[in-house]
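# Examining the three-dimensional arrangement
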Amino acid sequence: MNKRLLITLTAAVLLGGVAAGYTALSGATPDDAAQSVPAGAGPRLMVLSNGKLSTVSRTDPAGSREVTEQRCDRVYSAAGTISCLRPVGALKASELAVLDRDLKELRTVPLTGFPNRTRVSASGRMVAWTLFVDGHSYAANGFSTSTGILDTKTGTLVTSLEEFAVEGMPQRPIDTNYWGVTFTADDNRFYATMSTGGHRYLLEGDFAARRIRPLTDMDDVECPSLSPDGTRIAYKKAVGGDPQKGWRVSVLDLATRAITELAETRSIDDQPAWVDDRTVAYGIQRDDGLNDVWAVPADGSGTPAILVPEASSPAPIN
């Protein structure tokens, strides 16, 4: 027990020591105060503005912005449930904070690692997250991730998908990593990325059965995001199968397995978000360290355009 406590405290100190550098990379600058103006009624987008949870009108996303003091490295929201991955701080590791629509804290889960991805199911019941435990890029060799899921209705917490059985594999390979969860409408099934043996498969998971099934016919699928109608997955695909060459935002039709490369040709290291059934959004970091949220049609047509300037981590809310 004492040894485990020592390891935890040591990890917190180390994470706190590099927190400033990570904050700069994420574009979250604590000393910058964004101007807050009510975003108005109607459909909105939740984003991070310099690391602060904010909302904008979906009809005028580049317009007025309501900025809160709630800080997150990653955020996502659905049906009144907000998942906020709070940043690493001095002598403080990161944590998952589950908030309601009024930003009331419902539950926190202590985490060790650097916040990377989070998603909430459409009903608001299920919350998932991914952290880098070792390394800071999916393109790096030897990176390690930790991905967990919380059922906010029952309180059931799975701290790592490594607890799940893998169909077709009596013993889980030691090089396995999971990341980028996205939930189906039934709050039980989900998709994510599973990497092993140099391959990055789309996996289908069953939360209640504690089981995952790699879809070995779907290689090179990273950070999946299920469309609102449940028929397609937006994801990032390694160029030429090599993450060192960057990623191309693409859309997979689950029924036909047809893949559509979207009009965005820049490398996108993000989990895409569906603004609606026709539009995919994602973050791109600028040379000055800040981020912009861009959007592009999901059918491969059109051209990329900035959706929300100086923002990241988009999520549609009603």
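Higher on the page you've got the structure.
Scope of this entry: the structure provided in the associated data block. (Residues numbered from 1 in each chain as written. Predicted model: local features only at pLDDT ≥ 70, side-chain atom pairs only at ≥ 80, totals over all residues. Heavy atoms only, no water.)

### A few points about the sheet that holds strand β10 (residues 144-151)
Here four strands make up an open sheet; going across it, the order is β8-β9-β10-β11 and the pairing antiparallel. A single partner strand is all that each edge strand has here, and the edge strands are β8 (114-120) and β11 (157-158). The pairing of strand β9 (residues 126-134) with β10 spans eight bridges and is classified as antiparallel. By the bridge assignment, Trp129 is partnered in β10 with Gly148. (Pairing = 2+ DSSP bridges. Helix = DSSP H or I, 4+ residues; strand = E, 2+ residues; numbered from the N terminus.)

### Concerning the state of the cysteines
Under the criterion given, the structure shown has one disulfide. Put simply, Cys72 and Cys84 are joined by a disulfide, and their sulfur atoms are 2.1 Å apart. Because the sign of the S-S torsion sets the handedness, a value of about -110 degrees for the bond joining Cys72 and Cys84 places this disulfide among the left-handed ones. Residue Cys72 is found in the loop between β3 (65-71) and β4 (74-78), and its partner Cys84 is found in strand β5 (residues 81-86); the two are separated by twelve residues along the sequence. The pair formed by Cys72 and Cys84 is uniform in burial state, with each residue classed as buried. (Disulfide = S-S within 2.5 Å. Buried < 20%, exposed > 50% of the residue type's maximum accessible area, 1.4 Å probe, protein only.)

### Side note on the packing of aromatic side chains
The full count for this structure, using the stated rule, is three aromatic pairs. Put simply, the rings of Phe164, Phe183, Phe190 and Phe207 touch in pairs and so form one group of aromatic residues. We note Lys236 situated over the ring of Trp247; from NZ or CZ to the ring centre the distance is 3.5 Å. Geometry around Trp294 places Arg266 over its ring, the cationic atom sitting 4.0 Å from the centre. (Phe/Tyr/Trp six-rings, centres within 6.5 Å; stacked < 30°, edge-to-face > 60°. Lys NZ or Arg CZ within 6 Å of the ring centre and 35° of its normal.)

### Quick look at the side chain of Arg232
Its location among the elements puts Arg232 in strand β18 (residues 232-238). Look at Arg232 and you get buried, because its relative accessible area is 16%. A polar atom in the side chain of Arg232 sits 3.0 Å from the backbone oxygen of Asp277. (Polar contact = N/O pair within 3.5 Å; in protein donor to acceptor, adjacent residues only side chain to side chain.)

### A closer look at the side chain of Ser146
For Ser146, the position within the fold is in strand β10. Setting aside residues no more than four positions away along its own chain, Ser146 makes contact with Trp129, Thr130, Leu131, Val133 and Thr159. (Contact = heavy atoms within 4.5 Å.)

### Some thoughts on the nonpolar core
Counting residues in hydrophobic clusters, the biggest one holds 23 residues, and the most contacted among them are Met46, Leu53, Val75, Leu96, Leu111 and Trp129. Going through the elements one at a time, β1 (44-49), β4, β5, β6 (95-99), β9 and β25 (312-317) are the ones with two or more residues in this core. For this core, the element with the highest residue contribution is β6, accounting for four residues. Look past the residues within four positions of Val75 in its chain and what remains in contact with it is Met46, Val47, Leu48, Leu53, Ile82, Ser83, Thr118 and Ser313. (Core = buried A, V, L, I, M, F, W, Y, C linked by side-chain atoms within 4.5 Å.)

### Topic: the sheet that holds β1
Adjacent strands of a sheet form backbone hydrogen bonds with each other and so pair up, either parallel or antiparallel. Read across the sheet, four strands follow the order β3-β2-β1-β25 without closing on themselves; strand pairing throughout is antiparallel. Both outer strands of the open sheet, β3 and β25, are each paired with one neighbouring strand and no more. Between one strand and the next, the sheet's axes are offset by a mean angle of 25 degrees, whatever the strand orientation. In terms of strand pairing, strand β2 (residues 52-57) meets β3 through four bridges, oriented antiparallel. (Axes fitted to C-alpha atoms, helices over the stretch in contact; angles between N-to-C directions.)

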